[in-house]
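Summary of the model geometry
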Amino acid sequence: MNFISVMAITEAIAREQAVIQTGYDPDTIGPLAIVVDQRTSSRQKAFVFETANDVTNHPLFANARLSDTVDAPRLEADGPVLNFGPEVTVGG
């Protein structure tokens, strides 16, 4: 199983960013696998989606597994993950 992890405020924004950042077809971004609250001052969380795509072939893949980025006891499955960091915003 392959995964895409995106930092965002909501699942809808994370899913949209997953499509934009990866260039994958929206239909290949599967169900939400897990949401990880980083417990930082940012309101953004890591939304991890299953994907039908082989993320190891993506040019931005950095040889990471989901278990490297998320608490292992909370995982039902493991596999390669394509990570995208928090969206930088300005405001107050």
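Summary of the structure given here.

**Considerations on the pairing of strand E3 (residues 45-51)**
Within a regular beta strand, the side chains point alternately toward one face of the sheet and then the other, so they alternate between its two faces. In terms of burial, E3 is largely enclosed, as five of its seven residues are buried. Across seven bridges, the pairing between strand E1 (residues 2-8) and E3 is antiparallel. Counted as the bridge partner of alanine 8 is lysine 45 from E3. With five bridges joining them, strand E2 (residues 29-36) and E3 adopt antiparallel strand pairing. By the bridge assignment for E3, valine 35 is matched with phenylalanine 47.

**Topic: helix H1 (residues 11-22)**
End to end, H1 covers 16 Å across twelve residues, agreeing with the expected 16 Å (1.5 Å per residue, within 8%). Burial in H1 covers these residues: Ala14, Gln17, Ala18 and Thr22. Take H1 and look down its axis: the buried residues cluster within an arc of 110°, on one side only. Facing away from the buried surface of H1 by more than 90 degrees, the exposed residues are Ala12 and Ile20. Buried residues along H1 sit in contact with E1, E2, E3 and strand E4 (81-84).

**Structural notes on the pattern of salt bridges**
In this structure the tally under the stated criterion is two salt bridges. Here glutamate 11 ties to arginine 15 by a salt bridge, and the two come within 3.5 Å at their closest N and O atoms. Within this pair, glutamate 11 and its partner arginine 15 are both found in helix H1, separated by four residues, close to a single helical turn. The closest approach of N and O atoms between arginine 65 and aspartate 78, which form a salt bridge, is 3.5 Å. Separated by 13 residues along the polypeptide, arginine 65 in the loop between E3 and helix H2 (66-69) and aspartate 78 in the loop between H2 and E4 bring together distant segments of the chain. The exposure class of arginine 65 is partly exposed, given its relative accessible area of 39%.

**Re unusual backbone geometry**
Although it is not a glycine, asparagine 63 sits at a positive phi angle of roughly 50°. Look at asparagine 63 and you get exposed, because its relative accessible area is 69%.

**Quick look at the nonpolar core**
Soluble globular proteins: nonpolar side chains tend toward being buried together. With 13 residues, the main nonpolar core has Ile4, Val6, Ala14, Tyr24, Ile29, Val55 and Leu82 as its most contacted residues. Listing elements by their share of this core, those giving two or more residues are E1, H1, E3 and E4. With three residues, E1 is the single largest residue contributor to this core. Core analysis: the next-biggest nonpolar cluster, separate from the first, contains ten residues, Met7, Val36, Ala46 and Leu66 among them.

Parameters at a glance
- Residues numbered from 1 in each chain as written.
- Predicted model: local features only at pLDDT ≥ 70, side-chain atom pairs only at ≥ 80, totals over all residues.
- Heavy atoms only, no water.
- Buried < 20%, exposed > 50% of the residue type's maximum accessible area, 1.4 Å probe, protein only.
- Helix = DSSP H or I, 4+ residues; strand = E, 2+ residues; numbered from the N terminus.
- Pairing = 2+ DSSP bridges.
- Expected span 1.5 Å × (residues − 1).
- Arc of directions from axis to C-beta.
- Contact = heavy atoms within 4.5 Å.
- Salt bridge = Lys/Arg side-chain N within 4 Å of Asp/Glu carboxyl O.
- Core = buried A, V, L, I, M, F, W, Y, C linked by side-chain atoms within 4.5 Å.

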